[in-house]
Amino acid sequence: MNQIPALARVFAYLSLLTIGGGMAAFPEMKILTVDVHKWLTFPQLIHLYSVGQMAPGPNMMMIVAIGQWAGGMLGAVAVLIAFFGPTALLTFIVARLWKKLERWKWRTSVQQGLAPVSIGLLLAGCFTMARGAIFGAETAAIAVGVLLILLQYKINPALLVLGGAVIGVLSFMPK
Amino acid sequence: MSESVTTVKPILQQGVDTGIASAEVSIGRIFLEFLIIGATSFGGVVPYLRGSLVTKRHWVDDKEFVEMLSISQSLPGLNATNMAILVGDKLRGVLGSIAAIIGICLPGAVMMYVVGVFYRSHGDHVWITAALKGVAAAAVGLILSTVVGLSQKSLTGKFDFVFIALTVVAVNRLHQSVPRTLLVVGLLAILFHRPRKKQKESAAL
């Protein structure tokens, strides 16, 4: 019944996968939170992630909601500490080492090599999410529209996500 | 060790003429500044971080900011929280880092807590379901734009697209875990970008 240890374990693991961005952890987040532990359904996970894009601050705060559902207030706090603690510690230590490695000739290689892999991880997360979020002409048009607008204009992405909500209501409300 | 310190210093000193504050910043001040960023940074944290830390407070200069961002992107963890750790550490060491990360996380965490509770009790209303379909589709477009933006900024050669493809296939098609994918594809990519004598040529590719 007590989900706290499992929540802490899962989100500590997921936090270490967020290379390049939170989305990199999305495929395994889906497997662990939906398929293995059944804390929520796949559509719920997609909804929480998407709504989270409208909240300020680090863009994976939707994990708080998963923690709350599975373990109440304590679950939410456990998930927060598990998800941000390990990477915070790692960054703190590695960043101090990183400066000392300034003359290490492999330093640039590591950065240049990790760049395409982290982009690949983001894209993989995006595809996992698209499998649940794109299911017809309307949703595909919204996604492509947002992409093209963001590539073309400097506009706040949160506003576009909000715009997606409006279009969603207009196109999916039962008549 | 002492050698690396002397190589780091000149970079930091360049900050002096761009107006880096020399007085020590208080922990409370750090917490408050990151709390404000955490509460107002709708649609992506990085521009807000730059506006606050570089332009408004002069806590880091532009060059340092870019360096910190590139470290943040190469390490696990979100850019926003990694930046909080790095800037907090620079200003006041461990306590500065802790104050910064709690500050930047708190507003969004409280907000998503409330959203989670509300969504759980009202998420099945027809108009909410309809709106969420649009929101999720828009989020997919947003992530794709991040992918495009990062590709333009951080890729150093055409061959990098092969590593992107390999990563996607490993995760989505072969269902490999991220650690295993990182170990195999990441190692290949790092070896591909191994140090060469003619560094400039490989950078220009």
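Check the entry above for the structure.
Residues numbered from 1 in each chain as written. Chains lettered and ligands numbered in written order. Predicted model: local features only at pLDDT ≥ 70, side-chain atom pairs only at ≥ 80, totals over all residues. Heavy atoms only, no water.

A few points about the overall build of chain A
Reasoning step 1: When you go through chain A residue by residue, the secondary structure sums to seven helices and zero strands.
Reasoning step 2: Reading the secondary structure of chain A in the N-to-C direction produces α-α-α-α-α-α-α.
Reasoning step 3: In terms of principal-axis extent, the alpha carbons of chain A reach across some 65 × 50 × 25 Å.
Reasoning step 4: Put simply, 54% of the contacts in chain A that link residues at least 6 apart link residues at least 24 apart.
Reasoning step 5: Of the roughly 7500 Å² of accessible surface on chain A, 70% is carried by carbon and sulfur atoms.
Reasoning step 6: In chain A, 12 side chains carry a positive charge and 4 a negative one; their mean positions are 11 Å apart. (Helix = DSSP H or I, 4+ residues; strand = E, 2+ residues; numbered from the N terminus. Contact = heavy atoms within 4.5 Å. Areas by Shrake-Rupley, 256 points an atom, 1.4 Å probe, with all protein chains shown as cover. Lys, Arg positive; Asp, Glu negative; His and termini not counted. Charge placed at Lys NZ, Arg CZ, Asp CG, Glu CD.)

Overview of the overall build of chain B
Reasoning step 1: The helix and strand inventory of chain B stands at nine helices and zero strands.
Reasoning step 2: Secondary structure elements of chain B occur, N-terminal to C-terminal, as α-α-α-α-α-α-α-α-α.
Reasoning step 3: For chain B, contacts bridging at least 24 residues in sequence account for 55% of all contacts bridging at least 6.
Reasoning step 4: Total accessible area on chain B is roughly 10400 Å²; 68% of this is exposed by carbon and sulfur atoms.

Some thoughts on the nonpolar core
Reasoning step 1: Counting 97 residues, the largest nonpolar core has Phe 11 and Met 62 of chain A together with Phe 34 of chain B as its most contacted members.
Reasoning step 2: Residues within four places of Met 62 of chain A in sequence aside, it is in contact with Met 29, Leu 45, Leu 48 and Tyr 49 of chain A together with Met 112 of chain B.
Reasoning step 3: Leu 160 and Ala 165 of chain A together with Val 135 and Ala 137 of chain B belong to the second largest nonpolar core, which has twelve residues in total. (Core = buried A, V, L, I, M, F, W, Y, C linked by side-chain atoms within 4.5 Å. Buried < 20%, exposed > 50% of the residue type's maximum accessible area, 1.4 Å probe, protein only.)

Details of helix H1 (residues 4-15) of chain A
Reasoning step 1: Taking 1.5 Å of rise per residue, twelve residues should cover 16 Å, and H1 of chain A covers 16 Å from first to last C-alpha, within 8% of that figure.
Reasoning step 2: At its buried positions, H1 of chain A is contacted by helix H2 (26-36) and helix H4 (63-100) of chain A. (Expected span 1.5 Å × (residues − 1).)

A word on the pattern of salt bridges
Reasoning step 1: Applying the stated criterion across every chain, the model contains nine salt bridges over all chains.
Reasoning step 2: Between Arg 96 of chain A and Asp 89 of chain B there is a salt bridge whose closest N-O contact spans 2.7 Å. Residue Arg 96 of chain A is located in helix H4, and its partner Asp 89 of chain B is located in helix H5 (residues 79-122); the two belong to separate chains.
Reasoning step 3: Judged by relative accessible area, which is 16%, Asp 89 of chain B ranks as buried.
Reasoning step 4: In this structure, the salt-bridge partner of Arg 29 of chain B is Glu 33 of chain B, at a minimum N-O distance of 3.0 Å. Of this pair, Arg 29 of chain B and Glu 33 of chain B both sit in helix H2 (residues 27-40), four residues apart, roughly one helical turn.
Reasoning step 5: Assessed through its relative accessible area of 1%, Glu 33 of chain B is described here as buried.
Reasoning step 6: Several salt bridges share partner residues, and in doing so they unite Arg 29, Glu 33, Lys 56 and Arg 57 of chain B into one network. (Salt bridge = Lys/Arg side-chain N within 4 Å of Asp/Glu carboxyl O.)

Comments concerning the interface of chain A and chain B
A common way to report how large an interface is uses the accessible area buried once the components associate.
Reasoning step 1: Taken together, the contacts link 99 residues of chain A with 89 residues of chain B.
Reasoning step 2: Of the roughly 8100 Å² buried where chain A meets chain B, counting both sides, 77% is carbon and sulfur surface.
Reasoning step 3: It is Pro 56, Trp 69 and Ile 119 of chain A in chain A that bury the most area against chain B; as a group they hold 8% of the surface buried on that side.
Reasoning step 4: Taken together, chain A and chain B are joined by one salt bridge.
Reasoning step 5: The greatest single-element share of the side of chain A that touches chain B, amounting to 23 residues, is contributed by helix H5 (residues 106-133) of chain A.
Reasoning step 6: Classifying every residue of the side of chain A that touches chain B by side-chain character gives 66 nonpolar, 25 polar and eight charged. (Buried area = accessible area lost by both parts, 1.4 Å probe. Nonpolar A, V, L, I, M, F, W, Y, C, P; charged D, E, K, R; others polar.)

Everything listed here is a matter of geometry and, on its own, says nothing about what the molecule does.
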